[in-house]
Amino acid sequence: MKYITLIEQMTLEEKASLMSGKDFWTTQSIERLGIRSLYLADGPHGIRRQAAAADHLGLNASIQATCYPTAATVANSWNVELGERIGEYLGAEAASQQVNVLLGPGINMKRNPLCGRNFEYFSEDPYLAGKMAAAYIRGIQSHGISACVKHFAVNNQEERRMSIDTIVDERALREIYLTAFEIAVQEGEPKTLMSSYNLLNGSYTNENIHIMKDILRDEWGYKGVLVTDWGGSNDRLAGLLAGNELEMPTTAGETNAEIIRAIQSGEIVEEGLDECVDRMLELIFTTEITAGSPREFAVEKHHKVAQWAAEESVVLLKNEGNILPLRKGVKLAVIGDFAKNPRYQGAGSSIVNPTIINNILDYLDQSDLTSIGYEPGFERQGKNNKKKLNRACALAQKADVVLLYMGLDEAYETEGLDRRSIEIPGNQINLLHALYKVNSNIVAVLACGSVVEIPWIHKIKGLIHGYLPGQAGAGAIGRILTGEVNPSGKLAETYPLCYEDTPSYHHFPGKEVSVEYRESIYMGYRYYDTAIKNVLFPFGYGLSYTQYEYSNLEVSSKGVTFELTNTGDIPGMEIVQLYVGCKSQEIFRAVKELKGFAKVRLAAGETRKVTLPFDDKTFRYFNVKTNKWEIEAADYEISIGASSADIRLADTLFVEGTGAPPPYDKDMLPAYYSGKANNVSSTEFEYLLGYKIPVSKWDRSQPLGYNDTIAQCQYAKGRSARFVYHLIAFVHWFLIKTGKRSTANLIMMSIYHMPFRGVARMTGGIVNMPMLDGILMMVNGHFFRGLSHVLKEKSRMVSIAQKNHIDRKIP
Ligand code: BGC
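Everything numeric here is computed off the predicted structure, so don't read it as measured data. (Residues numbered from 1 in each chain as written. Predicted model: local features only at pLDDT ≥ 70, side-chain atom pairs only at ≥ 80, totals over all residues. Heavy atoms only, no water.)

Chemist: How should I be thinking about the overall build of the protein chain in this particular structure?
Modeler: Secondary structure assignment for the protein chain yields 24 helices and 26 strands. Out of the 811 residues in the protein chain, the part that is buried amounts to 62%. Entry remark: accessible area of the protein chain is about 30000 Å², with carbon and sulfur atoms responsible for 53%. In the protein chain, the 86 positive side-chain charges and the 94 negative ones have mean positions that sit 6 Å from each other. (Helix = DSSP H or I, 4+ residues; strand = E, 2+ residues; numbered from the N terminus. Buried < 20%, exposed > 50% of the residue type's maximum accessible area, 1.4 Å probe, protein only. Areas by Shrake-Rupley, 256 points an atom, 1.4 Å probe, with all protein chains shown as cover. Lys, Arg positive; Asp, Glu negative; His and termini not counted. Charge placed at Lys NZ, Arg CZ, Asp CG, Glu CD.)

Here it is, written out as structure tokens:
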């Protein structure tokens, strides 16, 4: 242990005090030993340091900071260098705001397009997500502070995120859900990592020895600190034993006392705690913000970086008849509420209070383009408005080109909740149909952070997907519209034709208790390509104003080289993608997987030799029999693509294997071997899992406990609890009916789906566990007994607090 001398000077109470927060955002300090408090702040695409009231849902304002494009957006740049640069700027801003730990990047896989937090995550592909995340981490930590990779792991939905049990087979866990973390940990070396709220195959991730010890620490060699997600600690001792150093936010010492008691009674050994303290001290001493570090950052310069990030990340999806870039002198009608009030980030804990906000109208005023006017055209919150629609059509009639800003409003993509559909609100589609009748030269600009259905694609000539491009997004899109910037983004996720086509369609967001990942390794393009399913836009797809030619592929045991030529007459950047597929049928696999990529800048007419090396992940698969990564001796198809569906060069390479026995009995897994794994039977999934699928419905006969949710009050024994449930449901319904969707969302995420345990974990000591016991008695039908328990415990707490106050006053 590095800090053994210091640890020896600490009392047991002092050691335990470091194991949870001092308040909502800071850790405990021990002044007499020079141990300072750390400040943790969200993350991930800007700093959210709250100056006054604290919350983890993005409710109260924070100090101004640059709002960079969200991760879902930057992933489309496929530019690792850009990721590192954004990280550096984030790190500089964090240091200027005296933030020691920046709570990001978030790197969960996009299992399903409905996940409310997809905008905060990079990709459906673990390799791309891992590489981008590692770059962010390196950048952030270059300022001496800590990045905090989150949410470890398999937190792929927001619905019931604090109580859902994710049932996933070991191979999918390793190959799909953990690989991005593995790359981030090994190549980025983050100093902190946040556990997720959910359970994984029956145990809370924060207490899960398999992922926290066997994999994270022992296999990947992670040396940093583990932080719980806010209020995500279930059993403090189990968390500690799995290696969790820091429970956030504060529990006013309640769980520290649990640790002390467990050590005093011999239930856990003090050396275990010392190791956690050692890692905490390393974090504290290596993330000190030096007194002289600048308190200000260059707002304009950072804004420009945010614009650069957006310029590389915006994706051009359609360009019929080369309607784009817009020619000078073309008369433009700008339509759509999002043009004036841009949608540039998502909702929840990642919300940033931006330093500057650009919109396209201001940009057009200063550009060579001719705008003949602006009309909102629709109500942002989804209501039909005939007057607005008619005014927009009247304007469109006079224009050469209609620039239509469409998208999802702030209430759609949010932490704590999943979307209900992947459609764009109907009133916007109605507007599009109406506009099409008067002017068919429509260029749509989409603003949303995740996949949407686009069945209306034939009604538009141009489609620019800005995703959530951050505070400088409007300028970036403007420069792409004029052609000052040649678009170079490509999708980091697949756009299916319709939601029903997605591989997890039948198993998202799961039932009451659990969600079964029956599709196993077949996520995103891995499924669509293997099951041969048509999609609207494949993974890795994006257009440019120039064209590229691929030639002269050479494959060796070390990697590939080929030539790339820009055959057009303007400079551009092409994202080249290396896919590998195993030709043997011995082990079920996706036909191809991304194993390398690069973004190559080329002048008009220029040719470059591109090299993409193989690495330790190129040929491996996880063998559940040997419990190790193995390589199958086989021929492998090595392809170079402009997207996953547009393979330009290919060759075959034989690779020696590691000689492991095949892990499966093929006959037991017909759906997986066919790749058509979107609705696998229970028997087949159980065979893959290796254990019986757990019961997925709430047991309504049992009294409610710590880990049951407020929503379960609907069948509680206590009448008062059932009343509370109906009251919440009514308020939610009423808010939706009256158009207050964001407030309705808040009720869902912060009350409805909250487990009872959260009441104690998130109130900073106002409600402690004994009081919660009383509340549960009331919920379970013993109202007066419970009430008296709560009151007795409350008065006990008050008298302890008063006594402590008096003791502190006496010298
Ligand atoms: C989110 C985390 C966030 C934390 C602190 C939680 O609700 O899941 O991503 O870092 O709050 O705001």
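Once you've had a look at it, read on.
Chemist: Explanation requested: the sheet that holds strand E18 (residues 548-555) in the structure shown.
Modeler: Strands pair in a sheet through their backbones, by hydrogen bonds, and they do so in one of two ways: parallel or antiparallel. The three strands lie next to each other as E18-E19-E22, forming an open sheet whose pairing is antiparallel. Whereas interior strands pair on both sides, the edge strands pair on one side only; in this sheet they are E18 and strand E22 (607-613). Recorded for the sheet is a direction-independent mean angle of 25 degrees between the axes of neighbouring strands. In this structure, strand E19 (residues 559-566) lies alongside E22, joined through seven bridges in antiparallel fashion. When the bridges of E22 are listed, Gly-559 appears paired with Pro-613. (Pairing = 2+ DSSP bridges. Axes fitted to C-alpha atoms, helices over the stretch in contact; angles between N-to-C directions.)

Chemist: Help me understand the packing of helix H14 (residues 386-397) against helix H15 (residues 426-438) in this model?
Modeler: Two measures define how a pair of helices packs: the angle their axes make with one another and the distance between the axes. Viewed as axis vectors pointing N to C, H14 and H15 meet at an angle of 30 degrees, and their least axial separation amounts to 9 Å. By the criterion of interaxial angle, the relationship of H14 to H15 is roughly parallel. Handedness of the crossing formed by H14 with H15: right-handed. Facing Leu-389, Ala-392, Cys-393, Ala-396 and Gln-397 of H14, the residues of H15 in contact are Asn-430, Leu-431, Ala-434, Leu-435 and Val-438. For the contact of H14 with H15, the class distribution of residues is eight nonpolar, two polar and no charged. (Parallel < 35°, antiparallel > 145°, perpendicular 65-115°, else oblique. Left-handed = near helix turned anticlockwise from the far one by under 90°. Contact = heavy atoms within 4.5 Å. Nonpolar A, V, L, I, M, F, W, Y, C, P; charged D, E, K, R; others polar.)

Chemist: I tried to follow the nonpolar core on my own but got confused; where do I start?
Modeler: One broad trend across soluble globular proteins is that nonpolar side chains are buried collectively. Phe-152, Tyr-177 and Trp-230 are the most contacted members of the largest nonpolar core, which has 157 residues in total. Top contributing element to this core by residue count: helix H6 (residues 170-188), with ten residues. With sequence-adjacent residues up to four places away left out, Phe-152 is seen in contact with Leu-178, Phe-181, Leu-193, Met-194, Ser-195, Ser-196, Thr-205, Ile-211, Met-212, Leu-216 and Trp-220. Ile-360, Phe-378, Val-452 and Tyr-467 belong to the second largest nonpolar core, which has 68 residues in total. (Core = buried A, V, L, I, M, F, W, Y, C linked by side-chain atoms within 4.5 Å.)

Chemist: Can you help me understand the sheet that holds strand E3 (residues 146-152) in this one?
Modeler: Strand order in this open sheet of five strands is E1-E2-E3-E5-E8, and the pairing throughout is parallel. Looking at the sheet topology across the chains shown, the edges are occupied by strand E1 (40-42) and strand E8 (225-227). Recorded for the sheet is a direction-independent mean angle of 30 degrees between the axes of neighbouring strands. Looking at chain direction, E3 and strand E5 (residues 192-195) are connected through three bridges and run parallel. Across the sheet, Phe-152 pairs through a bridge with Ser-195, a residue of E5.

Chemist: Any chance you could explain the pattern of salt bridges here in plain terms?
Modeler: Enumeration over the complete set of coordinates arrives at 51 salt bridges. A salt bridge links Lys-15 to Glu-270; its shortest N-O distance comes to 2.6 Å. Here Glu-270 lies in helix H10 (residues 270-286) and Lys-15 lies in helix H2 (residues 12-17), a separation of 255 residues in the sequence. According to the relative accessible area criterion, Lys-15 is buried, its value standing at 5%. Arg-380 is paired through a salt bridge with Asp-337; the nearest N and O atoms lie 2.6 Å apart. With Arg-380 in the loop between strand E11 (370-375) and H14 and Asp-337 in helix H12 (residues 337-340), the pair connects residues that are 43 residues apart, well separated along the chain. The same class applies to Arg-380 and to Asp-337, which are both buried. Salt bridges linked by common partners bring Arg-117, Glu-120, Glu-158, Arg-161 and Glu-415 together as one network. (Salt bridge = Lys/Arg side-chain N within 4 Å of Asp/Glu carboxyl O.)

Chemist: Explanation requested: the domain arrangement of the protein chain in the structure shown.
Modeler: Accessible area lost on assembly of the parts is the figure often given for the size of an interface. Each assigned domain of the protein chain is listed here: domain 1 (33-244), domain 2 (300-516), domain 3 (546-660) and domain 4 (710-809). Put simply, the middle of domain 1 and the middle of domain 4, counted by C-alpha atoms, are 29 Å apart. Listed per partner, the contact involves 13 residues of domain 1 and nine residues of domain 4. Between domain 1 and domain 4 lies a buried interface of about 980 Å² when both sides are counted; carbon and sulfur atoms form 64% of it. Summed over the three residues of domain 1 that lose the most area to domain 4, namely Leu-57, Met-162 and Gly-231, the buried surface amounts to 43% of that side. (Domains from an automatic or database assignment. Buried area = accessible area lost by both parts, 1.4 Å probe.)

Chemist: I keep staring at the site of the ligand and nothing clicks. Help me out?
Modeler: As a structural note, the neighbourhood of the ligand is formed by 15 residues, with Asp-42, Arg-117, His-151, Asp-229 and Glu-415 the closest of them. Between the ligand and the protein, one listed contact pairs an oxygen atom with a side-chain N or O atom of Arg-117 at 2.7 Å. Contacts to the ligand include His-151, whose side-chain N or O atom sits 2.7 Å from an oxygen atom. When the residues that make up the shell around the ligand are grouped by side-chain class, the tally is five nonpolar, three polar and seven charged. (Near = heavy atom within 4 Å. Polar contact = N/O pair within 3.5 Å; in protein donor to acceptor, adjacent residues only side chain to side chain.)

Chemist: For this particular structure, what's the right way to read the pairing of E19?
Modeler: Two faces belong to every sheet, and in a regular strand the side chains alternate between them. Of all eight residues in E19, seven are buried, a share of seventy percent or more. Here E18 pairs with E19 via six bridges, running antiparallel. Bridging from a neighbouring strand, Glu-554 pairs with Thr-561 of E19.

Chemist: Sorry if this is basic, but what is going on with the packing of aromatic side chains here?
Modeler: Describing an aromatic ring pair means giving the distance of the ring centres and the angle of the ring planes. In this structure the tally under the stated criterion is 30 aromatic pairs. Ring geometry for Trp-25 versus Trp-230: centroids 5.6 Å apart, planes at 40 degrees, classification tilted. In this pair, Trp-25 sits in the loop between H2 and E1 while Trp-230 sits in the loop between E8 and helix H8 (236-241), placing the two residues 205 residues apart along the sequence. On the basis of relative accessibility, which here comes to 4%, the residue Trp-25 falls in the buried class. One aromatic cluster is present, built from ring pairs that chain together Trp-78, Tyr-127, Tyr-525, Phe-539, Tyr-579 and Phe-597. Residue placement shows Arg-111 over the ring face of Tyr-517; its charged tip is 3.9 Å from the ring centre. (Phe/Tyr/Trp six-rings, centres within 6.5 Å; stacked < 30°, edge-to-face > 60°. Lys NZ or Arg CZ within 6 Å of the ring centre and 35° of its normal.)

Chemist: Looking at this model, I keep getting lost on a nonpolar patch on the surface. Mind explaining?
Modeler: Among the surface-exposed residues, Phe-723, Val-724, Leu-727, Phe-730, Val-731, Trp-733 and Phe-734 lie close enough to one another that they form a single nonpolar patch of about 680 Å² accessible area. Since its relative accessible area comes to 46%, Trp-733 is described here as partly exposed. (Patch = residues over 30% accessible without salt bridge, like charges linked within 9 Å, V, L, I, M, F, W, Y side chains within 5 Å.)

Chemist: What is the right way to read H14 from this model?
Modeler: An α-helix turns once per 3.6 residues; consequently, residues spaced three or four apart project the same way. A rise of 1.5 Å per residue sets the reference length of H14, with its twelve residues, at 16 Å; its end C-alpha atoms lie 16 Å apart and thus fit the reference within 8%. Looking at the buried positions of H14, the neighbouring elements they touch are strand E10 (331-335), E11, strand E12 (401-407) and H15. Backbone nitrogen of Lys-387 and a side-chain oxygen of the N-cap are separated by 3.1 Å at the start of H14; the cap is Asn-385. (Expected span 1.5 Å × (residues − 1).)

Chemist: What is the right way to read unusual backbone geometry from this model?
Modeler: The phi torsion of most residues other than glycine is negative, and most of the peptide bonds are trans. Note that the residue after Lys-150, namely His-151, is joined by a cis bond; omega there is -5 degrees. Relative to the assigned elements, His-151 resides in strand E3. Here the bond from Met-248 into Pro-249 is cis, since omega is -10 degrees, no more than 30 degrees from zero. Its place among the elements puts Pro-249 in the loop between H8 and helix H9 (254-264).

Chemist: Can you help me understand the side chain of Thr-70 in this one?
Modeler: Counting through the fold element by element, Thr-70 comes out in the loop between E1 and helix H3 (71-74). If near-sequence neighbours (up to four positions away) are discounted, Thr-70 is found in contact with His-45, Phe-119, Tyr-344, Gln-345, Gly-346 and Leu-468.

Chemist: Is there a simple way to explain the UniProt feature "domain: Fibronectin type III-like" (unreviewed entry) in the protein chain in this structure?
Modeler: UniProt records the feature "domain: Fibronectin type III-like" (unreviewed entry) for residues 574-644 in the present numbering. As annotated, residues 574-644 comprises 0% helix and 62% strand, and the C-alpha atoms at either end are separated by 14 Å. (UniProt positions renumbered as here; feature names shortened; annotations may be inferred.)

Chemist: I tried to follow H10 on my own but got confused; where do I start?
Modeler: Between its first and last C-alpha atoms H10 spans 24 Å; for 17 residues at 1.5 Å apiece the expected length is 24 Å, and the two agree. Those residues of H10 lying buried are Leu-273, Asp-274, Cys-276, Val-277, Asp-278, Arg-279, Met-280, Leu-281, Leu-283 and Ile-284.

Chemist: Sorry if this is basic, but what is going on with the environment of Phe-622 here?
Modeler: Topologically, Phe-622 is positioned in strand E23 (residues 620-623). Along the sequence, Phe-622 and Arg-171 sit 451 residues apart, while their C-alpha atoms lie 5.6 Å from each other. In this view, Phe-622 contacts Glu-170, Arg-171, Arg-174, Glu-175, Asn-627, Lys-628 and Trp-629; residues no more than four positions away in its chain are not counted.

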